[in-house]
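Chain residues, written in single-letter form:
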Amino acid sequence: PNDASLPFLLGQSYYQLGDFPRAVASFERAVQLAPKDSEYRDWLAKGYGRRAEESMFLSAMSWARKSHREFENAVELNPQNFEARRDLIRYEMNAPSMVGGGDDKALKHIDGLEKIDPIQGQLARGEFFATKKRMPEADAVFGKILESNSDRAGVYFEVSDYYRERP
């Protein structure tokens, strides 16, 4: 009953099935049992975000604020959790300012990520430009990433996703 990995894995299962209320309840239990686990908080934030997407306006705002807070907590707990950092950046570049979003915030976090891991930072910057429909700038960033000759396969998968989805 005190093993946080069990409700976490259950939460991921519910999340994948699209049962976001149960996913959130499971992630909240995992965070209650392991409050300093960055990965659990990142997934809780994702669950809150999906609840926001399915809710009416006022309720959605509450869920969105919780989501933003948990993304920030996940990054604060583990600055090396690149998935949480990227999730926080995505949230901020897509959410309205009334719930913690904003391009200025996203760009600040991208700058911080580039200092820790230049490739991850460039991937985030390229995604930012693509999301904002600034395609020449996105093309330049992703081209530069390809020239870096990274030894991480995931980098090339993300770049190929960009070119596959590019309008």
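Now for a description of the structure that goes with this document. Worth saying up front: this structure is predicted, and the values here are computed from it rather than measured.

## Some thoughts on the overall build of the protein
And step 1. For the protein, the count of helices and strands is 9 helices and 0 strands.
And step 2. Scanning the protein from its N terminus toward the C terminus, one meets helices and strands in the order α-α-α-α-α-α-α-α-α.
And step 3. Its C-alpha atoms give the protein a radius of gyration of 17 Å, within 12% of the compact-globule value 15 Å for 167 residues.
And step 4. Taken over the C-alpha atoms alone, the protein extends approximately 50 × 35 × 30 Å along its principal axes.
And step 5. By the burial criterion, 47% of the 167 residues in the protein qualify as buried.

## Observations concerning the nonpolar core
And step 1. Formed by 27 residues in total, the largest nonpolar core has its most connected members in Phe8, Tyr15, Phe27, Tyr40, Leu44, Tyr91 and Val99.
And step 2. Among residues more than four places away in sequence, those in contact with Phe8 are Ser26, Phe27, Ala30, Glu39, Tyr40 and Trp43.
And step 3. Core analysis: the second largest hydrophobic core is formed by 20 residues, Met93, Leu113, Ala130 and Phe142 among them.

## Here's the deal with the packing of helix H2 (residues 20-33) against helix H3 (residues 38-54)
And step 1. Contact pair H2 / H3: the axes reach a minimum separation of 9 Å and the direction vectors enclose 155°. With respect to their mutual orientation, H2 and H3 come out roughly antiparallel. For the pair H2 and H3, the sense of crossing is left-handed. Contacts from Phe20, Pro21, Val24, Phe27, Glu28, Ala30 and Val31 of H2 reach H3 at Tyr40, Arg41, Trp43, Leu44, Gly47, Tyr48, Arg50, Arg51 and Glu54.
And step 2. Looking at side-chain class alone, the contact of H2 with H3 contains 10 nonpolar, 1 polar and 5 charged residues.

## Topic: the environment of Ser67
And step 1. Considering the arrangement of structural elements, one finds Ser67 in helix H4 (residues 57-77).
And step 2. Discounting chain neighbours no more than four positions away, the residues touching Ser67 are Ala45, Tyr48, Gly49 and Tyr91.
And step 3. A distance of 2.8 Å separates a polar side-chain atom of Ser67 from the backbone oxygen of Ala45.

## Points about a nonpolar patch on the surface
And step 1. A cluster of nonpolar side chains, namely Phe57, Leu58 and Met98, defines an oily patch on the protein surface of about 380 Å² accessible area.
And step 2. Tracing the sequence through the fold places Met98 in the loop between helix H5 (82-94) and helix H6 (103-116).

## Details of the packing of H6 against helix H7 (residues 118-131)
And step 1. Close contact between H6 and H7 brings their axes to 6 Å; oriented N to C, the two are set at 155°. The orientation of H6 relative to H7 falls into the category roughly antiparallel. Counted together, Asp103, Ala106, Leu107, Ile110, Asp111, Leu113, Glu114 and Ile116 of H6 and Pro118, Gln120, Gly121, Gln122, Ala124, Arg125 and Phe128 of H7 form the full contact between these two elements.
And step 2. Of the residues contributing to the contact of H6 with H7, the split by class is 8 nonpolar, 3 polar and 4 charged.

What counts as what
Residues numbered from 1 in each chain as written. Predicted model: local features only at pLDDT ≥ 70, side-chain atom pairs only at ≥ 80, totals over all residues. Heavy atoms only, no water. Helix = DSSP H or I, 4+ residues; strand = E, 2+ residues; numbered from the N terminus. Rg over C-alpha atoms; globule rule 2.2 N^0.38 Å. Buried < 20%, exposed > 50% of the residue type's maximum accessible area, 1.4 Å probe, protein only. Core = buried A, V, L, I, M, F, W, Y, C linked by side-chain atoms within 4.5 Å. Contact = heavy atoms within 4.5 Å. Axes fitted to C-alpha atoms, helices over the stretch in contact; angles between N-to-C directions. Parallel < 35°, antiparallel > 145°, perpendicular 65-115°, else oblique. Left-handed = near helix turned anticlockwise from the far one by under 90°. Nonpolar A, V, L, I, M, F, W, Y, C, P; charged D, E, K, R; others polar. Polar contact = N/O pair within 3.5 Å; in protein donor to acceptor, adjacent residues only side chain to side chain. Patch = residues over 30% accessible without salt bridge, like charges linked within 9 Å, V, L, I, M, F, W, Y side chains within 5 Å. Areas by Shrake-Rupley, 256 points an atom, 1.4 Å probe, with all protein chains shown as cover. Salt bridge = Lys/Arg side-chain N within 4 Å of Asp/Glu carboxyl O.

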